[in-house]
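Examination of the molecular architecture
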Amino acid sequence: MAKIKKDDLVQVLTGKDKGKQGKVLQVLPAKERVLVEGVNRMKRHLRAGQSGSTEGGIVESEATIHISNVAVVDPESGKPTRVGYRQETVERDGVSKTVRIRVAKASGKDL
């Protein structure tokens, strides 16, 4: 189970974009990869479509990065941190339910 979710703010720990921060656009848990906004940009040469539907040229987009190379940013300090869980019991209409809440390990703040 991946502890990184869509729309999380993450920081790259290793590689050519080390230190960059960005929002997670997509998580691919089967491949253990994430797509981060503005990180691991690649250029691809596209051929123009015959019907004019696609324009040719050089298109720049994000490539996936391995999930182990990113860490969630702590909302308090702005530094990368690990993710933990806290369980709380919520009561609604007389029924109690246990809920897992994601927590930053460094500061203890909710994510």
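Residues numbered from 1 in each chain as written. Predicted model: local features only at pLDDT ≥ 70, side-chain atom pairs only at ≥ 80, totals over all residues. Heavy atoms only, no water.

Our focus in this paragraph is the overall build of the chain. A count of helical and extended segments in the chain gives zero helices and 10 strands. Listing each helix as α and each strand as β along the chain from the N terminus yields β-β-β-β-β-β-β-β-β-β. For the chain, the C-alpha radius of gyration of 19 Å lies well beyond 13 Å, the compact-globule estimate for 111 residues. Seen along its three principal axes, the alpha-carbon backbone of the chain occupies a region of about 65 × 35 × 25 Å. Here the chain, with 111 residues, has 25% of them falling under the buried criterion. Taking all contacts inside the chain whose residues are at least 6 apart in sequence as the whole, residues at least 24 apart take part in 41%. For the chain, the accessible surface area stands at approximately 8000 Å², while carbon and sulfur atoms represent 47% of it. (Helix = DSSP H or I, 4+ residues; strand = E, 2+ residues; numbered from the N terminus. Rg over C-alpha atoms; globule rule 2.2 N^0.38 Å. Buried < 20%, exposed > 50% of the residue type's maximum accessible area, 1.4 Å probe, protein only. Contact = heavy atoms within 4.5 Å. Areas by Shrake-Rupley, 256 points an atom, 1.4 Å probe, with all protein chains shown as cover.)

What follows deals with the sheet that holds strand β3 (residues 33-36). The antiparallel open sheet is built from six strands, whose spatial order is β6-β3-β2-β1-β7-β8. Two strands close off the open sheet at either side, each with one partner strand: β6 (65-66) and β8 (80-81). Sheet topology note: the β3/β6 ladder contains two bridges and is antiparallel. Directly across from V34, in β6, lies its bridge partner I65. (Pairing = 2+ DSSP bridges.)

Let us now look at the UniProt feature "domain: KOW" (unreviewed entry) in the chain. As annotated in UniProt, the feature "domain: KOW" (unreviewed entry) corresponds to residues 3-30 in the numbering used here. Across residues 3-30 one finds 0% helix and 43% strand; the C-alpha atoms that close the span lie 13 Å apart. (UniProt positions renumbered as here; feature names shortened; annotations may be inferred.)

What follows covers the environment of L13. Looking at the element boundaries, L13 is found in the loop between β1 (9-12) and β2 (21-28). The class for L13 is partly exposed, based on a relative accessible area of 35%. C-alpha separation for the pair L13 and N69, spaced 56 residues apart in sequence, amounts to 5.3 Å. The contact partners of L13, leaving out residues within four places of it in the chain, are K18, S68, N69, V70, A71 and P80.

Moving on, we get to the pairing of β3. In this structure, β2 lies alongside β3, joined through four bridges in antiparallel fashion. Each residue of the ladder has a partner; that of V24, found in β3, is V36. The hairpin turn running from β2 into β3, its antiparallel successor, is four residues long, and E32 in that turn takes a positive phi close to 60°.

With that settled, the discussion passes to the pattern of salt bridges. Enumeration according to the criterion identifies eight salt bridges in this entry. The partner of D7 in a salt bridge is K23, and the shortest N-O contact between them spans 3.9 Å. Placement of the pair is D7 in the segment before β1 and K23 in strand β2, with a sequence separation of 16 residues. The class for D7 is exposed, based on a relative accessible area of 51%. Look at K23 and you get partly exposed, because its relative accessible area is 36%. Among the salt bridges present, the one from D17 reaches K20, with a minimum N-O distance of 3.4 Å. We classify D17 as buried; its relative accessible area is 10%. Take K20: its relative accessible area is 39%, and that puts it in the partly exposed class. Members of the salt-bridge network, linked through shared partners, are R41, E60 and E62. (Salt bridge = Lys/Arg side-chain N within 4 Å of Asp/Glu carboxyl O.)

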